[in-house]
Amino acid sequence: MVVSGSADGRVRLWNRNDGKIVGDPWEGHHAAVRCLDWSPNARQVASGSEDGTIRRWNPDTGQKIAPPIQTGQWVLVVKYSPQGDTFASGGENNMIRMWSKDGELLVEIRRHDNWVSSLCWSKDGQHIFSGSADRTIRKWRSIDGGELAVLWGHTHTVTSLCLAPDERHLISASADCSVRIWDLKTDQQVRDPLWHDDELRALVIFPDGNCFASAGLDHKIYIWSLEAALQHGRDQVRVHIAVVSIFSDRPCIMHSPAQSSR
């Protein structure tokens, strides 16, 4: 299944095999849906909106499973921890907030100088990485919000983050048209940036960690070899895929987790 969010404030569930909507749209937001995330067990979907709320849904029924969380500002990113017991959000208020599964605010981080646009958890849930319009990537302790590292290099908003399965490298995408790879032992960028022809919007690493994909406003998807990128640089590592998708006009899309039976 695939879930999408729209400028009309609705969330929709799709059958990715035939491209048809499943059931009625999920209604509750009063402005555009900017972000979505599936819980690790695929039993919940979290959505964030320009109405300043985070809402959680039962994907089997399309019904809300808890009262909305009021943040007061646009919510631009929401991410469940790998354990599924907490989730984090970021947005226009420049803050990262960690929430319990019951919607209780656990930690609030106020160190970014501009809106928070991307989040990524470590596998054990003890650390979280954030990307911001202040052009930085930061690493935090999730239990208390302690700042552990600041990564500098991007020249525009950091729009997406993903962590390699071995957690040795972090990969980032940006509105500066680049993908960058970071060595988390040294907190330094590895080799030169990997370039698109326009702003980047999405980034995902394959489950085996061998490749990652990037996509942006140049209407291109590139598949990159992580090993080759670490050793050789751009020319040897990318494959361009031209895709015409039945979901291509959806502003916010998330597939259900691979381990789910959905």
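Residues numbered from 1 in each chain as written. Predicted model: local features only at pLDDT ≥ 70, side-chain atom pairs only at ≥ 80, totals over all residues. Heavy atoms only, no water.

Draft legend 1. Fine view of the packing of aromatic side chains. Counting across every chain of the model gives 4 aromatic pairs. Here the aromatic rings of Tyr80 and Phe87 are separated by 5.7 Å at their centres, their planes lie at 55 degrees, and the arrangement is tilted. Since its relative accessible area comes to 8%, Tyr80 is described here as buried. Its relative accessible area of 1% is what places Phe87 among the buried residues. Between Phe212 and Trp224 the ring centres are 6.3 Å apart and the planes differ by 20 degrees, which places this aromatic pair in the stacked class. On the criterion of sequence distance, the pair formed by Phe212 in strand β22 (residues 211-216) and Trp224 in strand β23 (residues 221-225) is long-range, its members being 12 residues apart. Through a chain of ring-to-ring contacts, the aromatic side chains of Phe212, Tyr222 and Trp224 assemble into a single cluster. (Phe/Tyr/Trp six-rings, centres within 6.5 Å; stacked < 30°, edge-to-face > 60°. Buried < 20%, exposed > 50% of the residue type's maximum accessible area, 1.4 Å probe, protein only. Helix = DSSP H or I, 4+ residues; strand = E, 2+ residues; numbered from the N terminus.)

Draft legend 2. Up close: the nonpolar core. One finds Ile171 and Phe212 to be the most contacted residues of the largest nonpolar core, which totals 15 residues. Of all elements in the fold, only β17 (169-174), β18 (178-183), β21 (200-205), β23 and α1 (226-231) reach the threshold of two or more residues within this core. With 3 residues, the top contributor of residues to this core is β21. The residues touching Ile171, leaving out its near neighbours within four places in the chain, are Ser160, Leu161, Cys162, Val179, Arg180, Ile181, Leu203, Ile205, Phe212 and Leu226. (Core = buried A, V, L, I, M, F, W, Y, C linked by side-chain atoms within 4.5 Å. Contact = heavy atoms within 4.5 Å.)

Draft legend 3. Molecular detail of the layout of surface pockets. Computed from the structure, the second largest pocket encloses a volume of approximately 170 Å³. What lines the second largest pocket is a set of 15 residues, and nearest its centre among them are Asp24, Trp26, Thr61, Gly62 and Gln63. Of the residues that constitute the lining of the second largest pocket, the class distribution is 6 nonpolar, 4 polar and 5 charged. (1 Å grid on protein atoms, 1.4 Å probe; cavity = no way out; pocket = protein on both sides within 12 Å on 5 of 7 lines; lining within 4 Å. Points joined across faces, edges and corners; volume = space filled by probe spheres on them. Nonpolar A, V, L, I, M, F, W, Y, C, P; charged D, E, K, R; others polar.)

Draft legend 4. Just the pattern of salt bridges, in detail. On inspection of all chains with the given rule, the structure shows 13 salt bridges. Close ionic contact of Glu108 with Arg110 constitutes a salt bridge, the shortest N to O distance being 2.9 Å. The closest approach of N and O atoms between Arg138 and Glu147, which form a salt bridge, is 2.9 Å. A residue is classified by how much of its surface remains accessible, and Arg138, at 7% relative accessible area, is buried. (Salt bridge = Lys/Arg side-chain N within 4 Å of Asp/Glu carboxyl O.)

Draft legend 5. How the structure looks around the sheet that holds strand β9 (residues 86-91). With antiparallel pairing, 4 strands are arranged side by side in an open sheet as β8-β9-β10-β11. Where the open sheet ends on each side, the last strands, each with one partner, are β8 (75-80) and β11 (105-109). Taking each pair of neighbouring strands and ignoring which way they run, the sheet shows an average axis angle of 20 degrees. (Pairing = 2+ DSSP bridges. Axes fitted to C-alpha atoms, helices over the stretch in contact; angles between N-to-C directions.)

Draft legend 6. Region of interest: the pairing of β9. By the criterion of burial, β9 is predominantly enclosed, with 6 of the 6 residues buried. Residues Thr86, Ala88 and Gly90 of β9 are buried on one face, and the alternating residues Phe87, Ser89 and Gly91, pointing to the opposite face, are buried as well. Two successive antiparallel strands, β8 and β9, enclose a turn made up of 5 residues, where Gly84 displays a positive phi of approximately 75 degrees. Pairing of β9 with strand β10 (residues 96-100) involves 5 bridges; the strand directions are antiparallel. Across the sheet, residue Gly90 finds its bridge partner in β10, namely Ile96. Here β9 folds back onto β10, and the loop between the two strands holds 4 residues, one of which, Asn94, carries a positive phi near 70 degrees.

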